[in-house]
Amino acid sequence: MGIKINKEFQKYKTRGAYHWEQIGIHPIKRNSFVIARYKNMLRLAKSECGNLNKKKVLDIGCGDGVLSYFFAKEGAIVSGIDYSDIAIEFAKEKTKSFHIDFRQGSAYELPFEDNSFDIVISSDVIEHLEDVPKYLSEINRVVKNNGIVVISTPIKYTEYPLDKEHIIEWFQDEYKKVIEQKFKNTKYYYSHPLALEEIYQAKYFNKQWARVIMNIISFVYNPFYGFNSRFKYLMLQYSVSKVSK
């Protein structure tokens, strides 16, 4: 979601504030897969902290600000940082009434004081980074003692990432080792059935009819949301760390 040190993502230049379209009501532009990812991040933070009102939250790789917006709606005091200045401008424009502190910057040099945040969130960012230990060290620096860190990333299924913007992906056990180098007290969760994603993306008669149907259904029931799936193969993994300094 927007942080990459070697080059700025091009998506925001070509697609605009596309994450906002993905949480909208248009049956084709809406994206129930992405909505569930954001809501899963929010659910995990709330499960650890309860009421988010007045909690200081940092969103690393905030992109155009949708996840930050979800947390701000819960009353959190949110800061967001992204490497893309275009994304940050979109984020500021879309969330004017929430007074979120959006800044352009690097995940490797967070422009915040030590022990500044109760919660740090970072959704599908870690797989874009070349120096993961530095990223985790910066998170550890800015989060408070007994604070919470929630990170999501895809589960690895192929030798090389299918998404060409991903530098690295991890199998579940590999991801645990990466996170626990910095955060020992961590729980893991899994979501987004792979089989449903295959159906969601498939074309029938040159149209993504299943996508439209699932997007409409997601207003009532989102099949990608939550962590109790009966499907064996899932696409996303989340780490929820309790920080001890």
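Residues numbered from 1 in each chain as written. Predicted model: local features only at pLDDT ≥ 70, side-chain atom pairs only at ≥ 80, totals over all residues. Heavy atoms only, no water.

Brief notes about the nonpolar core
Buried together is how nonpolar side chains tend to be arranged in soluble globular proteins.
Link 1 in the chain: Within the largest apolar cluster, 39 residues are counted, with the highest numbers of intra-cluster contacts made by Ile23, Phe71 and Ile121.
Link 2 in the chain: Where this core is concerned, the elements lending two or more residues are helix H3 (32-49), helix H4 (66-73), helix H5 (85-94), strand E4 (117-123), strand E5 (143-154), helix H8 (194-201) and strand E7 (234-242).
Link 3 in the chain: Ranked by residues supplied to this core, first place goes to H3 with nine residues.
Link 4 in the chain: The residues contacting Phe71, other than those within four sequence positions of it, are Met41, Leu42, Ala45, Leu52, Val57, Ala76, Val78 and Ile121.
Link 5 in the chain: Core analysis: the second largest hydrophobic core is formed by 30 residues, Ile81, Val120, Val178 and Leu234 among them. (Core = buried A, V, L, I, M, F, W, Y, C linked by side-chain atoms within 4.5 Å. Buried < 20%, exposed > 50% of the residue type's maximum accessible area, 1.4 Å probe, protein only. Helix = DSSP H or I, 4+ residues; strand = E, 2+ residues; numbered from the N terminus. Contact = heavy atoms within 4.5 Å.)

Things to note about the sheet that holds E5
Link 1 in the chain: Read from one edge to the other, the open sheet built from seven strands follows the order E3-E2-E1-E4-E5-E7-E6, with strand pairing classed as mixed. Here the strands that pair on one side only, and so sit at the sheet edges, are strand E3 (101-104) and strand E6 (186-193). Each adjacent strand pair in this sheet contributes to an overall mean axis angle of 15 degrees, direction not counted.
Link 2 in the chain: Where strand E1 (residues 56-60) and E4 come together, three bridges link them in parallel fashion. Residue pairing for E4: Val57 is matched across the bridge by Ile119.
Link 3 in the chain: Set on the sheet, H4 makes contact with E1, strand E2 (77-82), E3 and E4; between it and E2 the angle comes to about 175 degrees.
Link 4 in the chain: Against the sheet, H8 touches E6 and E7, its axis set at about 40 degrees to E6. (Pairing = 2+ DSSP bridges. Axes fitted to C-alpha atoms, helices over the stretch in contact; angles between N-to-C directions.)

With respect to the layout of surface pockets
Link 1 in the chain: Taken as a whole, the largest pocket encloses approximately 870 Å³ of empty space.
Link 2 in the chain: Lining the largest pocket are 35 residues, with Phe33, Asp124, Pro154, Asp163 and His166 sitting closest to its centre.
Link 3 in the chain: If you list the elements that add at least two residues to the lining of the largest pocket, you get helix H1 (11-15), helix H2 (18-22), H3, H8 and E7.
Link 4 in the chain: The residue makeup of the lining of the largest pocket, split by class, is 15 nonpolar, eight polar and twelve charged. (1 Å grid on protein atoms, 1.4 Å probe; cavity = no way out; pocket = protein on both sides within 12 Å on 5 of 7 lines; lining within 4 Å. Points joined across faces, edges and corners; volume = space filled by probe spheres on them. Nonpolar A, V, L, I, M, F, W, Y, C, P; charged D, E, K, R; others polar.)

Description of unusual backbone geometry
Link 1 in the chain: The phi dihedral of His99 is positive, around 55 degrees, even though this residue is not glycine.
Link 2 in the chain: Assignment of secondary structure puts His99 in the loop between H5 and E3.
Link 3 in the chain: Although it is not a glycine, Asn146 adopts a positive phi angle of roughly 70 degrees.
Link 4 in the chain: On the secondary structure map, Asn146 appears in strand E5.

Remarks on the packing of H3 against H4
Link 1 in the chain: Running from N to C, H3 and H4 point in directions that differ by 40 degrees, and their axes come no closer than 10 Å. As the angle between them shows, H3 and H4 are arranged oblique. For the element pair H3 and H4, the recorded crossing hand is right-handed. Between H3, through Tyr38, Met41, Leu42 and Ala45, and H4, the contact on the second element is made entirely by Val66, Leu67, Phe70 and Phe71. (Parallel < 35°, antiparallel > 145°, perpendicular 65-115°, else oblique. Left-handed = near helix turned anticlockwise from the far one by under 90°.)

Overview of the confidence of the model for the protein
Link 1 in the chain: In this model, the protein carries a mean pLDDT of 93, and residues with pLDDT of at least 70 account for 96%.
Link 2 in the chain: A low-confidence stretch, residues 1-8 (pLDDT under 50), is modelled with 42 contacts involving residues beyond four sequence positions or located in other chains. (pLDDT = per-residue confidence, 0-100.)

Some details on H4
Link 1 in the chain: With seven of its eight residues buried, H4 lies for the most part within the structure.
Link 2 in the chain: Every buried residue belonging to H4 is among Val66, Leu67, Ser68, Tyr69, Phe70, Phe71 and Ala72, and all of these are buried.
Link 3 in the chain: Its buried side turned inward, H4 meets H2, H3, E1, E2, E3 and E4.
Link 4 in the chain: With its phi angle positive at about 95 degrees, Gly75 sits one or two positions after the end of H4.

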